[in-house]
Amino acid sequence: LLNITIKSLGAIAKAGTTRVEGVIEYAATPTNRGLNLMQGPGYDQESTPGLVGAGATVVVFTTGRGTTIGNAITPVIKLASNTPVFERMSNDLDLSAGGVIDGTETIDEVGQRVFDHIVAVASGEQAKAEQHKHREFQFWAEQTVSL
């Protein structure tokens, strides 16, 4: 990544084409259905607890470089955006969406695999972060500088 602007464009692309229904403060519970954006840091160790505080019971963390983040409270499923990163880090990452880029899977096929894995983890199967005891945890303090 060359800069935070490119990283932010990637984040926007991950949201897809669904209409944004609301914007909430860090760790606040959404009051309406649909896609809600949370005001907060981009730093993994601070953003994940914000999602958990807002009520997420499973977090799907997309990574292009192989982040191995976990959480002390909620399972974190790590989804690689590309096949080379997943192959290099298959012991730490749960799933790969690289088949879309490689042309071996459709978006719908990858979406179904992700959905099925979320259901499995929500039903008791451990995500890789849980297996490896990754429990990174840091709250965001708005008055501090964050990555």
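Residues numbered from 1 in each chain as written. Predicted model: local features only at pLDDT ≥ 70, side-chain atom pairs only at ≥ 80, totals over all residues. Heavy atoms only, no water.

(A) Region of the structure containing the overall build of the protein. Summing up its helical and strand segments, the protein has six helices and five strands in all. Its helices and strands in sequence order give the protein the pattern α-β-β-α-β-β-α-β-α-α-α, from N to C terminus. Across the 147 residues in the protein, those meeting the buried criterion constitute 31%. Taking as baseline every contact in the protein between residues at least 6 positions apart, the subset at least 24 positions apart corresponds to 38%. When the accessible surface of the protein is split by element, carbon and sulfur atoms take 56% of a total near 9,200 Å². (Helix = DSSP H or I, 4+ residues; strand = E, 2+ residues; numbered from the N terminus. Buried < 20%, exposed > 50% of the residue type's maximum accessible area, 1.4 Å probe, protein only. Contact = heavy atoms within 4.5 Å. Areas by Shrake-Rupley, 256 points an atom, 1.4 Å probe, with all protein chains shown as cover.)

(B) View of the nonpolar core. Counting nine residues, the largest nonpolar core is built from V58, I77, L79, L95, A97, V110, V114, V121 and A127. Contributions of two or more residues to this core are made by β4 (76–80) and α5 (107–122). The leading source of residues in this core is α5, at three residues. Dropping the residues within four chain positions of it, V58 is found in contact with T74, P75, I77, I118 and A122. Formed by five residues, the second largest nonpolar core is a distinct cluster that contains V52, V59, F61 and I69. (Core = buried A, V, L, I, M, F, W, Y, C linked by side-chain atoms within 4.5 Å.)

(C) Structural detail: the sheet that holds strand β3 (residues 59–63). A sheet is described by the order of its strands in space; here three strands give the open sequence β3-β4-β5, paired in parallel fashion. Where the open sheet ends on each side, the last strands, each with one partner, are β3 and β5 (95–96). Pairing analysis gives two bridges linking β4 to β5, with the strands arranged parallel. By the bridge assignment, A80 is partnered in β5 with S96. Helix α2 (residues 44–53) rests against β3 and β4 of the sheet, and its axis sits at about 155° to β3. (Pairing = 2+ DSSP bridges. Axes fitted to C-alpha atoms, helices over the stretch in contact; angles between N-to-C directions.)

(D) Representation of a nonpolar patch on the surface. Where nonpolar side chains cluster on the molecular surface, the patch consists of V20, V23 and L37 and spans about 260 Å² of accessible area. Along the polypeptide, L37 turns up in strand β2 (residues 35–38). Here L37 falls in the partly exposed class, since its relative accessible area comes to 39%. (Patch = residues over 30% accessible without salt bridge, like charges linked within 9 Å, V, L, I, M, F, W, Y side chains within 5 Å. Salt bridge = Lys/Arg side-chain N within 4 Å of Asp/Glu carboxyl O.)

Function cannot be inferred from these measures alone, as they are strictly geometric.
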